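In case you want the letters, here they are:
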Amino acid sequence: MPTLIELKDGVAKAAEDPFTHVADDQDMASGDVIVSLARFQAEGEGLLSEGRRVGVRLKAEEEVEALAYDLPQLSLVALEFPKYRDGRAYTNARLLRERFHFKGEVRAVGDVLREQAGFMVRVGFDAFEPADDASSNEWQAAAHRYRHVYQRSADGRAPAFAEREG
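Residues numbered from 1 in each chain as written. Predicted model: local features only at pLDDT ≥ 70, side-chain atom pairs only at ≥ 80, totals over all residues. Heavy atoms only, no water.

1. A few points about the packing of aromatic side chains
What counts, and what does not: Put simply, two rings from Phe, Tyr or Trp (the six-membered ring, in Trp's case) pair if the centres are within 6.5 Å, and we call them stacked under 30 degrees between planes, edge-to-face over 60, tilted for the rest. Numbered from the N terminus, helices here are DSSP runs of H or I no shorter than four residues, and strands are runs of E no shorter than two. Each residue is placed in one exposure class: buried if its accessible area under a 1.4 Å probe, protein chains only, is under 20% of its type's maximum, exposed if it is over 50%, and partly exposed if it falls in between.
Across all of its chains, the model carries three aromatic pairs by this definition. Judged by centre distance (5.8 Å) and plane angle (45 degrees), the rings of Phe81 and Phe125 are tilted. With Phe81 in strand S6 (residues 76-81) and Phe125 in the loop between helix H3 (117-123) and strand S8 (127-128), the pair connects residues that are 44 residues apart, well separated along the chain. The burial state of Phe81 is the same as that of Phe125; both residues are buried. Aromatic ring contacts, followed pair by pair, group Phe81, Tyr90 and Phe125 into a single cluster.

2. Digging into the side chain of Arg52
Here is the rule we go by: Polar contacts here mean pairs of N or O atoms no more than 3.5 Å apart (in protein, one a potential hydrogen donor and the other a potential acceptor; neighbouring residues in sequence count only if both atoms are side-chain atoms). Note on definitions: a residue-residue contact is assigned when non-hydrogen atoms from the two residues lie within 4.5 Å.
Within the fold, Arg52 resides in the loop between helix H1 (37-49) and strand S5 (54-58). Take Arg52: its relative accessible area is 17%, and that puts it in the buried class. One polar contact links the side chain of Arg52 to the main-chain carbonyl oxygen of Ala29, over a distance of 2.7 Å. Those residues in contact with Arg52 that lie beyond four places of it in its chain are Met28, Ala29, Ser30, Gly31, Asp32, Val33 and Leu47.

3. Comments concerning the nonpolar core
The condition that has to hold: Side-chain atoms within 4.5 Å link the members of a nonpolar core, which is a set of buried Ala, Val, Leu, Ile, Met, Phe, Trp, Tyr and Cys residues.
Ranked by size, the top nonpolar core spans 38 residues in total, and within it Leu67, Leu74, Val77, Leu79, Phe125 and Phe128 carry the most contacts. The element contributing the most residues to this core is helix H2 (residues 88-99), with five residues. Once residues lying within four places of it in the same chain are set aside, the contact partners of Val77 are Val56, Leu58, Leu67, Leu71, Leu96, Phe102, Glu105, Val106 and Arg107. Phe19, Leu76, Ala78 and Val109 belong to the second-largest nonpolar core, a separate cluster that totals five residues.

Next up, the structure:
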């Protein structure tokens, strides 16, 4: 089971994952689950009607717009990084937060490295399954490494030029 690091109110903590990742070829687990987009489209209505918390795992090539109608019922969206240098999950995270106003957990999964933490937090990620063995303290330090930012993003931090003006 992967380690889960949650970032709440600027503090990173190791956490127990209440969700079970269920592959498309596995029998459905009991309790809270994370399923693929394809499986959610086939079985999601039934899963949600059972009163369990449901999350959907999106591959990098899948568009978050496919979940737009169902987002209010989902507990989390797990966005996959197939390689650390593939940035499509950043776009999906920002869309979830800014366009769709998703209030649930946005989790980074796959090839997730702590060097990316600051950028991930800026676009709306609040939970991480790190590929490296970094501790929650290391993730917190990486998430807050830079005092100044240079563009607006989902985290609402003022860019350096706005700080200078105001």
